[in-house]
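Listed here are the chains, written in short residue letters.
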Amino acid sequence: MKISVVIPAYNEEENLPEVAARIKEHLSGRYERELIFVDDGSRDGTQQVLRELRAQDPDIHYVLLARNFGHQSALRAGIDYATGDCVISLDADLQHPPRLIPVLLGHWLEGYDIVYTQRRDDEKLPWFKRRTSSAFYGLMNKLSSVNFEPGTADYRLIDRRVAEVVRASPDVELFLRGFIHWVGFRQKRVEYTPEPRFRGTTKYTVRKMVQLALSGITSFSVRPLHFATLAGAVVSGLAFLYALYALYITFFTSRAVAGWSSVLVSVLFIGGIQLLVLGIIGEYLGRLFVQSKQRPPYLVRESDDGLSRPATPVQR
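Within each chain, residues carry numbers counting from 1 in the order of the written sequence. Local features in a predicted model are, by the rule used here, given only for residues with pLDDT of at least 70; side-chain atom pairs are given and counted only at 80 or more, and totals for whole chains, interfaces and linings are based on all residues. Each side-chain value is worked out from all heavy atoms of the structure, with water and hydrogens disregarded.

Participant: Explain the sheet that holds strand E8 (residues 300–303) to me, and be specific about the residues and the numbers.
Facilitator: At least two DSSP bridges between two strands are required for those strands to pair. Put simply, DSSP H or I for four residues or longer makes a helix, DSSP E for two residues or longer makes a strand, and each gets a number counted from the N terminus. With respect to topology, eight strands assemble into an open sheet ordered E7-E5-E6-E4-E1-E2-E3-E8, the strand pairing being mixed. One side of each edge strand has no neighbouring strand; the edge strands of this open sheet are strand E7 (187–192) and E8. Direction aside, neighbouring strands of the sheet carry axes that sit 20 degrees apart on average. Where strand E2 (residues 32–39) lies against strand E3 (residues 60–65), five bridges are found, and the strand directions are parallel. Lines are fitted to the C-alpha atoms to define the axes, a helix being fitted only along its stretch in contact, and any angle between axes, read from their N-to-C directions, falls within 0 to 180 degrees.

Participant: Describe the environment of Ala 168, with residues and values.
Facilitator: Within the fold, Ala 168 resides in helix H6 (residues 160–168). The spacing of Ala 168 and Asp 80 is 88 residues in sequence and 9.5 Å in space, taken between C-alpha atoms.

Participant: Describe the packing of aromatic side chains, naming the residues involved and giving the relevant values.
Facilitator: For this analysis, a ring pair means two rings from Phe, Tyr or Trp (six-membered ring only for Trp) whose centres lie within 6.5 Å, classed as stacked if their planes differ by under 30 degrees, edge-to-face if by over 60, and tilted for the remaining angles. For the coordinates displayed, the defined rule picks out one aromatic pair. Here the aromatic rings of Tyr 155 and Tyr 192 are separated by 6.0 Å at their centres, their planes lie at 85 degrees, and the arrangement is edge-to-face. Of this pair, Tyr 155 sits in strand E6 (residues 152–159) while Tyr 192 sits in strand E7; the two residues are 37 residues apart in sequence, bridging distant segments of the chain. By the burial criterion, Tyr 155 is buried, and Tyr 192 matches it. Positioned above the aromatic ring of Phe 69 is the side chain of Arg 67, whose terminal nitrogen or guanidinium carbon lies 4.0 Å from the ring centre. Only when the NZ of Lys or the CZ of Arg is both within 6 Å of the ring centre and within 35 degrees of the ring normal is a charge said to sit over the ring. Geometry around Tyr 112 places Arg 186 over its ring, the cationic atom sitting 4.4 Å from the centre. For every residue, the accessible area (1.4 Å probe, protein chains only) is compared with the maximum for its type, and the residue is labelled buried under 20%, exposed over 50%, or partly exposed between those bounds.

Participant: I'd like a rundown of empty space enclosed by the protein, residues and numbers included.
Facilitator: Cavity means a closed set of points on a 1 Å grid over the protein atoms alone, one where a 1.4 Å probe fits but cannot get out, pocket means an open set with protein on both sides within 12 Å along at least 5 of 7 lines, and lining means a residue has an atom within 4 Å of a point. Grid points are joined across faces, edges and corners, and a volume is the space filled by probe spheres set on the points. Within the structure shown, the criterion is met by three cavities of 30 Å³ or more. Taken together, Tyr 116, Thr 117, Thr 152, Ala 153, Arg 156, Arg 177, Ile 180, His 181 and Gln 187 make up the full set of residues lining the largest cavity. When contributions to the lining of the largest cavity are tallied by element, the ones reaching two or more residues are strand E5 (114–119), E6 and helix H7 (176–182). Its residues assigned to classes, the lining of the largest cavity comprises three nonpolar, four polar and two charged. Quantified by volume, the second largest cavity comes out at close to 50 Å³. Looking at the second largest cavity, the residues that line it are Leu 75, Ile 79, Val 87, Ser 89, Arg 156, Ile 158, Leu 176 and Ile 180. Mapped onto the lining of the second largest cavity, the elements with two or more residues apiece are helix H3 (71–81), strand E4 (86–89), E6 and H7. In terms of residue class, the lining of the second largest cavity is made up of six nonpolar, one polar and one charged. All amino acids are sorted into three groups, where Ala, Val, Leu, Ile, Met, Phe, Trp, Tyr, Cys and Pro are nonpolar, Asp, Glu, Lys and Arg are charged, and the leftover types, Gly among them, are polar.

Participant: Account for the pairing of E6, with residues named and values stated.
Facilitator: Where burial is concerned, most of E6 is hidden: eight out of the eight residues are buried. Sheet topology note: the E4/E6 ladder contains four bridges and is antiparallel. Each bridged residue has a counterpart across the sheet, and for Cys 86 the counterpart in E6 is Asp 159. In the sheet, E5 pairs with E6 via four bridges, with the strands oriented antiparallel. Bridge pairing in E6 places Val 115 opposite Leu 157.

Participant: Residue-level account of unusual backbone geometry, with values.
Facilitator: Of note, Asn 11 is a non-glycine position whose phi angle comes to about 55 degrees, a positive value. With respect to the helices, strands and loops of the structure, Asn 11 is situated in the loop between strand E1 (2–9) and helix H1 (16–26). Overall, Asn 11 belongs to the buried group, its relative accessible area being 18%. Non-glycine residue Phe 185 carries a positive phi angle of around 60 degrees. In this structure, Phe 185 sits in the loop between H7 and E7.

Participant: Describe the packing of H3 against H6, listing the residues and the values that go with them.
Facilitator: Relative orientation of the contacting elements H3 and H6 amounts to 120 degrees, with a least axis distance of 9 Å. Relative to H6, H3 is oriented oblique. Like other packed secondary-structure pairs, H3 and H6 cross with a definite hand, here left-handed. Across from Arg 76, Ile 79 and Asp 80 in H3, the residues of H6 making contact are Ala 163, Val 166 and Arg 167. For the contact of H3 with H6, a count of residues per class yields three nonpolar, no polar and three charged. In this scheme, roughly parallel covers angles under 35 degrees and roughly antiparallel covers those over 145, while 65 to 115 is roughly perpendicular and the rest are oblique. Each helix crossing is assigned a hand: it is left-handed if the near helix lies turned anticlockwise from the far helix by less than a right angle, otherwise right-handed if that turn is clockwise. It only takes one pair of heavy atoms within 4.5 Å for two residues to be counted as in contact.

And the structure:
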């Protein structure tokens, strides 16, 4: 059997030799193996380190993307190039412990098509990281039709059949965390405690986390559009009731409706709701616009000579 390990990397030159060594340490020699590092447009020495690792070890391969396309696109590129009977993906910062690889493989050999990991948070994780992660999964579960278990990320094993489904997906901006849950198949969860980052600092900024959340919500749910409809109905109903109240005061009493402050508050409230609804609709229209162009999710600038073309070429 052949095992493919996909490691997306962005400005991780200090971690690459260590992560390669640890993966090979925990990936038994009885398997044929390939380690595919996908450089997502790094601006440090990541590309040169990958070339040196390739020269030293024939099991190591690299794919250099033309620019920074994002973590999900880099993962997808690695899956496209993988030729193994299963594909394991993990990050290059070593917070996803390679020691779990034999556990993932064990469940795969039992017959599971997808073996995903779930992080057990502890006090060592920064408070901000824990709170934003909890808020992300809580929001996703409320707004999406797919159930997201808190703490699940992109450290997982997928069978070749699942990898082929990923390759065949026509989505330009594929949200893999949701897509993997959506496809079904036999799935198994493995819990783990994340290890400290080996070297360097996190490259996942708040902006990228917000973009990932928006991508996940708009990819797997139309509930925000339902919210927009409900908000419009509620505001319209309140405005109609207030109009009836104003007409009653005008024609059946000697009093006058309260002055400019109530009008100003009403205008600002309705204007805010309108902008919110337009923003929600705009997010969905933006995704349709990007999808309609059918541009490739990534572009490859260079790959090593031992890596063949993507295993299952698809029309996108």
